[in-house]
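Fold and contact review
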Amino acid sequence: MKNKGLLAALGLTLLFAAANLWMLYHKGSYMLTLVPLGLLVVWLFVQRLETGLLSMALLTPFAINLALFPGMELSMPVEPMMILFTFIFFFRVLVAKNYDLRLLRHPVSLLLLASLAWMLVTSCTSRLPWVSFKYLLARIWFVVPFFFAAAQIFRERRRITQFFWAYAIGLGTVILIATSKTLGNFSDLQTLHHVMRPFYNDHTAYGCAIALMLPAAFHMVFAGERKGWQRVLSLLLLALLGTGLFFSYCRAAWISVVAAIGVYVLVRLGMKVKWMVLLFGLGVGAFFIYQGDVLYKLGKNHQDSSYDLAGQIKSISNISTDASNVERLNRWASAMRLWKESPVVGIGPGTYQFVYGSYQKSYQLSTISTNAGDLGNAHSEYIGPMTEQGLPGLVLVAALFLTTFATGVRVFRTARDPNVGRMALAFTLSLLTYYVHGVFNNFLDTDKLSVPFWAFTAAVVALDLYSEKKEGE
């Protein structure tokens, strides 16, 4: 029997090798060589779902967009792994019926489910339904592995730390590569904006990912249960992330980190979340009341983006000549015109980049604008959903972010174990960097930011559900 099994295995191996050689020689295709790797991934997801999640986190910073089919790009190799993971996870849940329903009843989960449901509705009313349904499917295979599956996996707190380090190792390697390319190019800002390619499309997504990791990395340095060598390793990572953030020359990322530090101070001072929200609302209200004076003063700033730190900071408020800022305002203005045409259901998820061209005004165009309007999305995690999914889309996004933030602060203040509370606050502040960055850019339609974003959100929810609370809480 053993000899028959060995002969069968040998025969299959020879058959596969012959078919592979034929494909390489006659078709010039290497796709068949990926079959063993694909079978290995299937086995991993079936047998070790947690390890599969960590492997995707590790690979995400290295993923590269490839057009596998006409009109359809996938981030390789991570997105096919996400799709496979999603199917296997659903199958396991249906068969084993062991999913913790408390996770589905958590306010953050309910808001996320409502957001997906509304996205389905607006896909049906979309100007480009095929585009919207593809966008919806992509969102599903982002949130199923990295929120719904991760939240249950993160019941064991060590899994949260493992996930963080898996993504950090990948991102840290990319930072080393990008920083080495930066050396010798300090006077060429355009080169500095693209040294992170092909792993990240530009410096904004790269800087956003680094900012997202910084508060959590800071926590890893000072976490109470860390050993000496772990603290040293965490400190080296923190230094590497800080270097990467500086050389990303991403102004929005810098602002987001400063905002996270400010909120951390407010939390430590004991300010309640409702007062923070009120303070933020007053700031927004003051801007609109005095927007004429504010815009007049901003218009007098002519400092463009610069490799010089002082110049780069000063250029943040230049809305008259800085191409990046002017183009962002152009996208927002185009988005508002689109929203006014369909304020309730929007124009459809993922469709803005295909239709905004004709809504641009000549006097608002920047030096990097195109008449075709083929340069991407609305550059805002708030204006984008409002335009594509109507006012309910904006409300759901804002409610999801605010509820997650409030949950993290509550865990920090009520957890019996101080290490759990500090971890929850660290990941909440990491998410806050994205909430702030989301004013200027939106990246949740990409794997690079969706993977850590939804996983960190799952970590906050898991720490809330599975941690012991202080007496009386």
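Described in the following lines is the structure provided in the data block. Here the structure is a predicted model, which is why all the values come from computation and not from measurement.

Focus: the nonpolar core
Counting 118 residues, the largest nonpolar core has Phe154, Phe163, Phe164, Tyr200 and Trp454 as its most contacted members. The element best represented in this core is helix H7 (residues 129-153), accounting for 14 residues. In contact with Phe154, not counting residues within four places along its chain, are Leu53, Arg159, Ile160, Phe163, Ala455, Ala458, Ala459 and Ala462. Counting residues in each nonpolar core, the second largest holds 10 residues, with Ala335, Val355, Ala378 and Ile383 among its members.

Details of the pattern of salt bridges
Between side chains of opposite charge, pairing is possible as soon as their charged atoms come close. For the coordinates displayed, the defined rule picks out nine salt bridges. For Glu341, the salt bridge identified is with Arg127, shortest N-O distance 2.6 Å. Of the two residues, Glu341 sits in helix H16 (residues 323-341) while Arg127 sits in the loop between helix H6 (107-124) and H7, which places them 214 residues apart along the sequence. Where Glu468 meets Arg416, a salt bridge forms, and the shortest distance between an N and an O atom there is 3.3 Å. With Glu468 in the segment after helix H20 (447-466) and Arg416 in the loop between helix H18 (383-414) and helix H19 (418-437), this pair connects stretches of sequence that are 52 residues apart. Under the relative-accessibility criterion, Glu468 is labelled exposed at 55%.

Regarding the packing of helix H10 (residues 203-222) against helix H11 (residues 228-248)
Remark: H10 packs on H11, axes separated minimally by 9 Å, with the N-to-C direction vectors making an angle of 155 degrees. The orientation of H10 relative to H11 falls into the category roughly antiparallel. Helix-helix and strand crossings are classified by hand; for H10 and H11 the assignment is left-handed. Where H10 abuts H11, its residues His203, Tyr206, Gly207, Ile210, Ala211, Met213, Leu214, Ala217, Phe218, Met220, Val221 and Phe222 lie against Arg231, Ser234, Leu235, Leu237, Leu238, Leu241, Gly242, Gly244, Leu245 and Ser248. Its residues assigned to classes, the contact of H10 with H11 comprises 15 nonpolar, six polar and one charged.

Structural notes on unusual backbone geometry
Following Met76, the chain continues to Pro77 via a peptide bond in cis, the omega torsion being 5 degrees. The backbone phi angle of His379 is positive, close to 60 degrees, even though this residue is not glycine. Mapped onto the secondary structure, His379 falls in the loop between helix H17 (352-355) and H18.

So, the side chain of His203
As for its position among the elements, His203 is in helix H10. Of note is the side chain of His203, whose polar atom sits 3.1 Å from the backbone oxygen of Ser248. There is a polar contact of 3.2 Å between the side chain of His203 and the backbone oxygen of Tyr249. Apart from the residues within four sequence positions on either side, His203 is in contact with His193, Met196, Ser248, Tyr249 and Cys250.

Things to note about the state of the cysteines
One covalent bond between the sulfur atoms of two cysteine residues makes up a disulfide. For the coordinates displayed, the defined rule picks out zero disulfides. Of the cysteine sulfurs around Cys250, a residue in no disulfide, the closest is that of Cys208, at 7.1 Å. By relative accessible area, Cys250 is classed as buried at 1%.

Cut-off values and rules
Counting from 1, residues in each chain are numbered in the order their sequence is written. Per-residue local features are limited, in this predicted model, to residues with pLDDT of at least 70; the limit for side-chain atom pairs, both in listing and counting, is 80 or more; totals at the level of whole chains, interfaces and linings are taken over all residues. As a convention, hydrogens and water are excluded, and side-chain values are obtained from all of the structure's heavy atoms. As used here, the term nonpolar core means buried Ala, Val, Leu, Ile, Met, Phe, Trp, Tyr and Cys residues forming a set that is joined through side-chain atoms within 4.5 Å. Three labels apply to residues, based on accessible area from a 1.4 Å probe with only protein chains included: buried if under 20% of the type maximum, exposed if over 50%, partly exposed otherwise in between. Runs of H or I in DSSP of at least four residues are treated as helices and runs of E of at least two as strands, each being numbered from the N terminus. Note on contacts: a residue pair is in contact if any heavy atoms of the two residues lie within 4.5 Å. The salt bridge definition used is simple: a Lys or Arg side-chain nitrogen within 4 Å of an Asp or Glu carboxyl oxygen. For helices, the fitted axis covers only the stretch in contact; all axes are lines through C-alpha atoms, and the angles between them, taken along N-to-C directions, range from 0 to 180 degrees. Throughout, the term roughly parallel applies to angles under 35 degrees, roughly antiparallel to angles over 145, roughly perpendicular to angles from 65 to 115, and oblique to all others. We call a crossing left-handed when the near helix sits turned anticlockwise from the far one by less than a right angle, and right-handed when that turn is clockwise. The nonpolar class holds Ala, Val, Leu, Ile, Met, Phe, Trp, Tyr, Cys and Pro. Asp, Glu, Lys and Arg form the charged class, and all remaining residues, Gly among them, are polar. For the purposes of these results, a polar contact is taken to be a pair of N or O atoms within 3.5 Å, where, inside protein, one atom must be able to donate a hydrogen and its partner to accept one; residues adjacent in sequence count only when each atom of the pair is a side-chain atom. The disulfide definition used here is simple: a pair of cysteine sulfur atoms within 2.5 Å.

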